[in-house]
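# Structural description and commentary
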Amino acid sequence: RPREELDAVDSVCPYCGVGCALTYYVDRERGAIAFAEGRDQPGSQSRLCVKGRYGWDYAASPQRLTVPLIRKDSSYPKGALSADVRGDTDNDRGRAGAGGNRSGGGRGNKLSKNGRDGRRKPGGLVDYDEVLPHFREATWEEALDLIARRLMEIHAEQGPGAIAGFGSAKCSNEEAYLFQKLIRAGFGTNNVDHCTRLCHASSVAALFEGVGSGAVSTTYGDVANADVVIITGSNPTANHPVASSFFKQARRRGTKIIYVDPRANTVAEHADYHCQVKPGTDVAFYNAIMHEVIRLGLIDMEFIKARVSGFEELVRTVNDYPPERAAQITGVDADLIREVARVWGEADAGVIYWGMGISQHTTGTDNARCLIAMCSITGNVGRPGTGLHPLRGQNNVQGASDAGLIPMFYPDYQGVDLDATRRRFEEAWGTELDPDRGLTVTEIIGSVLKPGGVRGMYMLGENPFLSDPNINKVRKALSQLDFLVVQDIFLTETAEFADVILPASSYLEKDGSYTNTDRRVQLGRKVMDPPGQARVDWEIIQDIARRIGLNWSYASPSEVFDEMVELMPSYKNLRHDNLGLSGKLYPNEDPEHSDGAVVLFDDRFNTDDGLAHLVPAQWLPAKELPDAEYPLVLNTGRLLEHWHTGSMTRRSYALDSISPVAEVYMHPKDAADRGLSHGQVVRVRSRRGAIELQVRISHREQLGNCFIPFHFREAAANLLTIDEIDPYGKIPEFKFCAVQVEAT
Ligand code: SF4
């Protein structure tokens, strides 16, 4: 069908934090998207990666949930059907082999009357035929009444702390706002969190402490103004592909790239320097860089005197990290450390971009503290081409955090434990609020397993059974809940544990705003109706709120957004109708005429005294080190073609066709030492579980390290990971645990 006969709908990509602007071309006669195309916007300039261009057909999957479901067999043990995702070290039953779900997933939701026939059976998905007989169809009235009644019973019998909510960065700002408001105002607890806890919670903790704001201080496009950039703990070619194209473009124009990462990812080939640190040694590396920058007199003393506190203590700490000592810890040659320190210190303008290789450690907050100090002592904040930028994972993880989907903050990072702040929100929301910080995602799972802990949960678009660390512990926790509501678009692994499952809408089926890694607030627009009886998420949340006694009457997402802006100083002046086609950066004094502030902190930081607060860090080893039984270090992460627990991308024909199989990436010598060859099915085991998958011999891995993406149910990487957390950001150690790889 020619383009002019298709309906063009402008929206944003739902995947990574880059939040590329795109247009969907819809064939209304067929009721289907024909294709997607990049759209001009300052942050993406019409570019799209493979996920944005091809990863939307999952929304038309015949496996979409289309009616509310209620568990009908209370005697049947929750989670029993996910026995193939077990991987017990002492019990080998039920493990699925590489490349597919042994139980034959992807046969289609019998209850779904909507959608096309599956053209191809996706592997590694929940077996609908096995799970659905244990649920019955229900009306919306019945399902919502049951949810309100059971959660309020638990609330009345065991107190507000027995309720918890997991929201999602896949949802819009408005949905995130309403969800946290429901948990706080409706159930009287701050036990509400989302997947930021699994990606950049430690970065936010360090940034909030150091510069008084959890958001980026400059955009990724500002790389064009930098003389040098450090890209660290990040694989942007796979995880932020369009941002990565800006980095490579800047390099061609003369910006130097220093890449610091244990893996030799593609960006290393575009870098001037690759410091291939050993995993978990970032603090030692950056302390040594600062040691050298200070020794060479390359600090910006004027900036430090005017705008920094804690410098003297930092000097005392980094004095203990001469390059030779750091070389022993990090494995990076001392001369390379000295050279990189000189390049960073001599640059007029430098930015640090970082990813989850920095944040997902038990030392994640300390790692980010070092990066804040790196920029602060060299005056690399507050000018074009300078700054701090944690590359956000999901397209709305920034917005969901801004909207208050975190247990310690109301919207816009306003502390729940500050009396004046709480009174303001109590007045705005017309109810008394909990004065104590709530539990985080990781703490909620632990709490379920303790007497007096969380008993009832509302899960919106999250799949902790695959995404959280040490999932045998997650299985135990989800199985023990008294009542679990899962609101999602597919029958996820977590939904198998639910008492009620609500069919939700994909981002293609609703209007709402999303905030990307640059602080750009953009509108996603409805492309098509939800399938069957599936409903828009904000309306479902509102219906539950009304049933538990909240007097809500929002008529549209833009009305919700207006209320958010009233309570969120950072979003001041923004409205749905002034975001335009490109969205707007916040803060923004004049959205009618300005794109918003690219660079923050030009004259003061957001802290109470306006200074950057440096917090020195000592290097600490990871919690579980390799030994004779488990001699390899496991790193987990993402692939270009897939997204988190795979519920969307593994149902996308193009993406799953390119990357259909779970693999463990190994250094050639580690594989050879074990007699393993490329493509061979192996067993990877840790102290917590074991999985089987294929070997990929990879020159990108360091000797003694291996990498497994966490998208694949049939080889669930988080069966292996450790649930140790960072003491400040409470983020798990996804980047370091000890494993063995062996032939099956
Ligand atoms: Fe989507 Fe990120 Fe790819 Fe852009 S770079 S198309 S936002 S996944």
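What counts and what doesn't
- Residues numbered from 1 in each chain as written.
- Predicted model: local features only at pLDDT ≥ 70, side-chain atom pairs only at ≥ 80, totals over all residues.
- Heavy atoms only, no water.
- UniProt positions renumbered as here; feature names shortened; annotations may be inferred.
- Near = heavy atom within 4 Å.
- Helix = DSSP H or I, 4+ residues; strand = E, 2+ residues; numbered from the N terminus.
- Nonpolar A, V, L, I, M, F, W, Y, C, P; charged D, E, K, R; others polar.
- Phe/Tyr/Trp six-rings, centres within 6.5 Å; stacked < 30°, edge-to-face > 60°.
- Buried < 20%, exposed > 50% of the residue type's maximum accessible area, 1.4 Å probe, protein only.
- Lys NZ or Arg CZ within 6 Å of the ring centre and 35° of its normal.
- Pairing = 2+ DSSP bridges.
- Axes fitted to C-alpha atoms, helices over the stretch in contact; angles between N-to-C directions.
- Contact = heavy atoms within 4.5 Å.
- Polar contact = N/O pair within 3.5 Å; in protein donor to acceptor, adjacent residues only side chain to side chain.

With an unreviewed UniProt entry as reference, the protein chain is termed Formate dehydrogenase major subunit, source organism Nonomuraea maritima. Of the comments in the UniProt record for the protein chain, the one headed Sequence similarities (unreviewed entry) reads "In the C-terminal section; belongs to the prokaryotic molybdopterin-containing oxidoreductase family."

## What to know about the site of the ligand
With respect to spatial proximity, the complete set of residues near the ligand consists of C13, Y15, C16, G19, C20, L48, C49, K51, G52, P241 and V242. Looking at the shell around the ligand, the elements with two or more residues in it are α1 (50-54) and α7 (241-252). When grouped by side-chain class, the residues that make up the shell around the ligand number 8 nonpolar, 2 polar and 1 charged.

## Description of the packing of aromatic side chains
Within the structure shown, the criterion is met by 21 aromatic pairs. Ring centres of Y25 and F35 lie 4.6 Å apart, and the angle between their planes is 15°; this geometry places the pair in the stacked category. In this pair, Y25 is assigned in strand β2 (residues 21-27) and F35 in strand β3 (residues 32-38), connecting sequence segments 10 residues apart. When its relative accessible area of 25% is taken as the criterion, F35 is described as partly exposed. Grouping aromatic residues by their ring pairs yields a cluster made of Y177, Y410, F425 and W429. Taking NZ or CZ as reference, R3 lies 4.9 Å from the ring centre of Y25, over its face. Taking NZ or CZ as reference, R263 lies 3.8 Å from the ring centre of F707, over its face.

## Details of the sheet that holds strand β1 (residues 7-12)
The sheet built from 3 strands is open, its strands ordered β1-β2-β3 with antiparallel pairing. The strands lining the two open edges of the sheet, one partner per strand, are β1 and β3. The average undirected angle you get between the axes of adjacent strands in this sheet is 30°. Pairing of β2 with β3, which is carried by 6 bridges, proceeds in the antiparallel orientation. What sits directly across from L22, in β3, is G38.

## Side note on the environment of D366
Secondary-structure assignment places D366 in helix α14 (residues 364-377). Excluding residues that lie within four positions of it along the chain, D366 makes contacts with V283, A617, Q618 and Y728. Only 2.8 Å separates the side chain of D366 from the side chain of R369, close enough to count as a polar contact.

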